[in-house]
Each structure stands twice: as structure tokens, then as C-alpha cells.
Amino acid sequence: MAQAGRRPGRTETREKILDAARHRFAELGYDGATVRGIAADAGVNAALLHHFFGSKQQLFAASMNLPVNPASLVPTILTGPRSGVGERLVRAFLALWAAPEGRTPFLAMLRAAATNEQVALMMRQFIERTVLAEVAKALDVPPVRVTGIAAQMIGVALLRYVIKLPPLAEADDEELVALLAPVAQYYLDPAPGGQGPATRSV
């Protein structure tokens, strides 16, 4: 006979948290889903979420089966001369999609976001809060300019990996870097009349 009040094991607890997180993120979006609310749904203390996943960002990445937390790419994008940040951003984006097994979760989210407003909201809020806002703040550029880059990158992913539009689908990464990096750099350089030197290091 099973013991009353037996505590669930590590794996069971982790899966309960992930299941609760998926439901909360889907229902309320990235901003609306709180660590405390997810913990309550999973029937655990909020401290356990931090123990298993470290942060809300990492919990989201785990619950969506993302191969990497996009927020972890921010230091790579920002480290180096300001004049090369556009190229580093494009390379970081392409690296996320490089391996078929790695891009599968991103493709699933991209397809779902195209037809489901809640998924689109969740994906948009996550990218804005964890990547775009951090890059915009560090480079002292308006968030709308960084959002413009995101729109272009997502468009490339959609055309290359979902619609598979030639010749974009057949282009190699170096061709795409040469095509997209100058545009990304334009968005990230200070606007005419704006503050901050265009060549400062970050």
C-alpha cells in the first residue's frame, strides 16, 4: 500500500512544474505568467522553480523545449566593437537555427504563432523582454529599432525554413550574413541626431 503523503520524486516534480508553466504561459502570455502562479498550479513552493530552473526565462525555455535560452546570446551579441554588433546578432540568430534538431522547437512556435494569437503574444513578449530590451538598453537605441531587426529575422526564418522560398532556402549562412548584417547594423547605430557615438565599444 502506498504511503500517505509521500513526496513526489525529483523528475515528477520537475514535470509538474513544466506542465503548469506551459498552461500558464499559453493562457496568460510571458508577462502575465508569474513564478508564484506557476508554483501554485504545480502545488509546490516557488523556491523549487528557482532550484530546478534558475529563472523565469530559463523556465520558459525549458517548458517550450527550446534547445537554448535566447537570452543567453545577449552577451555574445554585445561583446566587441559597436561597429560589428549587427553581424554578431545575425550570426547568433542563424546559429539558433543551424541544426535541424535545434530549430524544430522554434519552427513549432513560429507556425503556432502564425495562427494563434496567444502563442504569438507569448513568443513576442519573451523575445522582447529577454533579448531585445537588453540589447536596446545596452546600445542606447530605441526599442522599436531593435524590434525592426526581430521582424526581419523572423521573416527570414519563416521564408527559409517554413515556406522554403528559393533562393533564400538554399543560401548559406555567409551569404545571409553579408545580406542582413548591414541592415541590422543600420538599426543598431544611433539614428541621425541621436545620442551616443556610432563606434563605441560595448
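The coordinates are above.
Residues numbered from 1 in each chain as written. Predicted model: local features only at pLDDT ≥ 70, side-chain atom pairs only at ≥ 80, totals over all residues. Heavy atoms only, no water.

Caption draft 1: Representation of the environment of Lys 16 within the structure. For Lys 16, the location among the structural elements is in helix H1 (residues 10-32). The exposure class assigned to Lys 16 is partly exposed, which follows from its relative accessible area of 36%. Separated by 25 residues in sequence, Lys 16 and Asp 41 place their C-alpha atoms 8.7 Å apart. (Helix = DSSP H or I, 4+ residues; strand = E, 2+ residues; numbered from the N terminus. Buried < 20%, exposed > 50% of the residue type's maximum accessible area, 1.4 Å probe, protein only.)

Caption draft 2: Summary view of the packing of aromatic side chains. Applying the stated criterion to the full structure yields 10 aromatic pairs. Arranged with centres 4.9 Å apart and planes meeting at 80 degrees, the rings of Phe 25 and Phe 60 form a pair that is edge-to-face. Residue Phe 25 is located in helix H1, and its partner Phe 60 is located in helix H4 (residues 56-63); the two are separated by 35 residues in the primary sequence. Residue Phe 25 is classed as buried on the basis of its relative accessible area, which comes to 0%. With 5.3 Å between their ring centres and 5 degrees between their planes, Trp 97 and Tyr 161 make a pair best called stacked. One end of the pair, Trp 97, is in the loop between helix H6 (85-96) and helix H7 (100-115); the other, Tyr 161, is in helix H9 (residues 143-162), with 64 residues separating them in the sequence. (Phe/Tyr/Trp six-rings, centres within 6.5 Å; stacked < 30°, edge-to-face > 60°.)

Caption draft 3: Molecular detail of the nonpolar core. Core analysis: the largest hydrophobic core is formed by 63 residues, its most contacted members being Ile 17, Phe 25, Ile 38, Leu 59, Phe 60 and Trp 97. Ignoring any residue separated from it by four or fewer positions in sequence, one finds Ile 17 in contact with Ile 38, Ala 42, Val 44, Leu 48, Leu 49, Phe 52, Phe 53 and Leu 59. (Core = buried A, V, L, I, M, F, W, Y, C linked by side-chain atoms within 4.5 Å. Contact = heavy atoms within 4.5 Å.)

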